[in-house]
Amino acid sequence: MKSVRKVDIDKVLGEVFKEYRMKNKLTQENIAEKLGISVKYISRIENGTGGVKVETLVNYMNILCISPNTIFNKLIINDNLKLQMQLSKKINELSNDKINFVISVIDLLNDL
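Residues numbered from 1 in each chain as written. Predicted model: local features only at pLDDT ≥ 70, side-chain atom pairs only at ≥ 80, totals over all residues. Heavy atoms only, no water.

Visitor: Can you lay out the overall build of the protein for me, pointing to particular residues and giving the numbers?
Guide: Each helix and strand counted, the protein has seven helices and zero strands in total. Traced from its N-terminal end to its C-terminal end, the protein shows the element sequence α-α-α-α-α-α-α. For the protein, the C-alpha radius of gyration of 17 Å lies well beyond 13 Å, the compact-globule estimate for 112 residues. For the C-alpha atoms alone, the extent of the protein along its principal axes is close to 55 × 35 × 20 Å. Looking at the protein as a whole, 28% of its 112 residues are labelled buried. When the accessible surface of the protein is split by element, carbon and sulfur atoms take 55% of a total near 8100 Å². Each charge class in the protein can be summarised by its mean position, and for the 17 positive and 13 negative side chains these summaries are 8 Å apart. (Helix = DSSP H or I, 4+ residues; strand = E, 2+ residues; numbered from the N terminus. Rg over C-alpha atoms; globule rule 2.2 N^0.38 Å. Buried < 20%, exposed > 50% of the residue type's maximum accessible area, 1.4 Å probe, protein only. Areas by Shrake-Rupley, 256 points an atom, 1.4 Å probe, with all protein chains shown as cover. Lys, Arg positive; Asp, Glu negative; His and termini not counted. Charge placed at Lys NZ, Arg CZ, Asp CG, Glu CD.)

Visitor: An account of unusual backbone geometry is requested, with residue identities and associated values reported.
Guide: Residue Lys-25 is not a glycine yet carries a positive backbone phi of 55°. Along the chain, Lys-25 turns up in the loop between helix 1 (6–23) and helix 2 (28–35). The class of Lys-25 is exposed, set by a relative accessible area of 74%. Even without being glycine, Cys-65 reaches a positive phi, approximately 55°. Relative to the assigned elements, Cys-65 resides in the loop between helix 4 (54–64) and helix 5 (68–72).

Visitor: Account for the nonpolar core, with residues named and values stated.
Guide: One finds Phe-17, Ile-31, Ile-42, Tyr-60, Leu-64, Ile-66 and Ile-71 to be the most contacted residues of the largest nonpolar core, which totals 20 residues. Of all the secondary-structure elements, those providing two or more residues to this core are helix 1, helix 2, helix 3 (39–46) and helix 4. Looking at which element gives the most residues to this core, the answer is helix 1, with five residues. Beyond its immediate chain neighbours, meaning those up to four positions away, Tyr-60 contacts Phe-17, Ile-31, Leu-35, Ile-42, Ile-45, Glu-46 and Ile-66. (Core = buried A, V, L, I, M, F, W, Y, C linked by side-chain atoms within 4.5 Å. Contact = heavy atoms within 4.5 Å.)

Structural data, given as structure tokens:
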């Protein structure tokens, strides 16, 4: 199986973080303040030249409302995981009532 390189991970994370920061109409300064890190570090992350600590990754996701599937979509190469992510994405697009219905159907299927 092909491996994902750190440089690819850093590039994808930077692209996603920048996209969501801009969607949320925040500056690098705003994000740096919220995360308690320097603007220079934010710039390196968004340019894909600086690695991201797990703590920073999780805080970024919480601040900008980024799902794990969004973060890792371009990095996952395992077909089973890709299928699970596709299902999760579709479920996230449903209303709560429809999600509860889907859960009921899954429960029924598991009981067969």
